[in-house]
Amino acid sequence: FDRRIVVRETTGGKVLRIQKGRIDDRKAVSLSPDGKLLAVTAKNQAVILEPETGKIQRRIEVSKSDINAVRFSPDGKLLVAGGLVRKLSVWNPETEEMLFSLSGYSEDINTIEFSPDGKMICSTSCDDTVKVWDVPGRKILFTLRGHKDSSTGAAFSPDGAMVATASEDGKA
């Protein structure tokens, strides 16, 4: 674990930029849809920087506790973060304004994914659950149970009609 952020081309894997040092405790990254911004978790902050230059544009203090996950919405207008505080915080990445939060976990949040249309968020947690949220309605749609250990990943199908989840219990 070398604590670097590496930005690469998708054709051939050529390294475009290596970011070292200026951001502590990096756990997750998310590129904006236009590729002009990179959000990085850094303890209790989401650090937004330019991926090509490494120049930090802003630091958003998300919570008093560490964050484990960060994700830009498909249109780039929202940035969602979650972690040890056990709720999702939804931000405007340009103005650094927190728009709303989504609560309902009893343990840490591990990952965040948007549906392709940006209308739903799927988040996973150490409490063995996966929650699917209605973004415009700012509410939970449903909670998925069935994993017997920390849920660690989620992915929407391209049409948003299905969501797949993974867990430390070895099941998907």
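Since this is a predicted model, take the numbers as computed values, not measurements. (Residues numbered from 1 in each chain as written. Predicted model: local features only at pLDDT ≥ 70, side-chain atom pairs only at ≥ 80, totals over all residues. Heavy atoms only, no water.)

**A look at the overall build of the protein**
When you go through the protein residue by residue, the secondary structure sums to zero helices and 16 strands. Out of the 172 residues in the protein, the part that is buried amounts to 45%. Contacts spanning at least 24 positions in sequence make up 33% of the contacts within the protein whose residues lie at least 6 apart. Counting only carbon and sulfur atoms, one obtains 48% of the accessible surface of the protein, whose full area is about 9000 Å². (Helix = DSSP H or I, 4+ residues; strand = E, 2+ residues; numbered from the N terminus. Buried < 20%, exposed > 50% of the residue type's maximum accessible area, 1.4 Å probe, protein only. Contact = heavy atoms within 4.5 Å. Areas by Shrake-Rupley, 256 points an atom, 1.4 Å probe, with all protein chains shown as cover.)

**What about the pairing of strand β10 (residues 97-103)?**
Regular strands place side chains that alternate from one sheet face to the opposite one. Of the pairings in the sheet, the one linking strand β9 (residues 87-92) to β10 comprises six bridges and is antiparallel in character. Looking across to β10, one finds that Leu88 is bridged to Leu102. The turn linking β9 back onto β10 is made up of four residues, and Glu96 within it adopts a positive phi angle of 65°. (Pairing = 2+ DSSP bridges.)

**Describing the sheet that holds strand β8 (residues 79-83)**
Taken in spatial order, the four strands of this open sheet run β7-β8-β9-β10, and their pairing is antiparallel. The open sheet has two edge strands, β7 (67-72) and β10, and neither has a second partner. Across the sheet, the mean angle separating the axes of adjacent strands is 20° when strand polarity is ignored. Of the pairings in the sheet, the one linking β7 to β8 comprises five bridges and is antiparallel in character. Note that in β8 the partner of Ile67 across the bridge is Gly83. (Axes fitted to C-alpha atoms, helices over the stretch in contact; angles between N-to-C directions.)

**Notes on the side chain of Ser73**
Locating Ser73 in the fold gives a position in the loop between β7 and β8. A distance of 2.6 Å separates a polar atom in the side chain of Ser73 from a polar atom in the side chain of Asp75. At 3.3 Å, the side chain of Ser73 and the backbone nitrogen of Lys77 are in polar contact. Not counting residues up to four positions away in its chain, the partners in contact with Ser73 are Pro33, Leu78 and Phe114. (Polar contact = N/O pair within 3.5 Å; in protein donor to acceptor, adjacent residues only side chain to side chain.)

**Quick look at the packing of aromatic side chains**
Aromatic ring pairs are reported here in terms of the distance separating the ring centres and the angle at which the planes meet. Counted under the stated rule, the structure contains zero aromatic pairs. The cationic tip of Lys131 hangs over the ring face of Tyr105; the distance from NZ or CZ to the ring centre is 5.0 Å. (Phe/Tyr/Trp six-rings, centres within 6.5 Å; stacked < 30°, edge-to-face > 60°. Lys NZ or Arg CZ within 6 Å of the ring centre and 35° of its normal.)

**Considerations on the pattern of salt bridges**
Here the idea is simple: oppositely charged side chains can pair when their charged atoms come close. Throughout the structure, instances matching the rule amount to four salt bridges. Residues Arg58 and Glu94 are paired through a salt bridge, measuring 3.8 Å at the closest nitrogen-oxygen approach. Taken together, the residues span a long stretch of sequence, with Arg58 in strand β6 (residues 56-61) and Glu94 in the loop between β9 and β10 at a distance of 36 residues. Linking Glu61 and Lys64 is a salt bridge whose minimum nitrogen-to-oxygen distance equals 3.7 Å. Given a relative accessible area of 44%, Glu61 falls into the partly exposed group. (Salt bridge = Lys/Arg side-chain N within 4 Å of Asp/Glu carboxyl O.)

**Side note on the pairing of strand β12 (residues 120-125)**
Across the six residues of β12, five count as buried, placing the element largely inside the fold. Relative to β12, strand β11 (residues 109-114) runs antiparallel, the two being bridged by five bridges. Residue pairing for β12: Thr111 is matched across the bridge by Thr124. Counting the residues that bridge the hairpin from β11 to β12 gives five residues, and of these Gly118 lies at a positive phi of roughly 80°. Strand direction decides the pairing type here: β12 and strand β13 (residues 130-134), joined by five bridges, are antiparallel. Within β13, the residue paired with Ile121 across the bridge is Trp133. Counting the residues that bridge the hairpin from β12 to β13 gives four residues, and of these Asp128 lies at a positive phi of roughly 75°.

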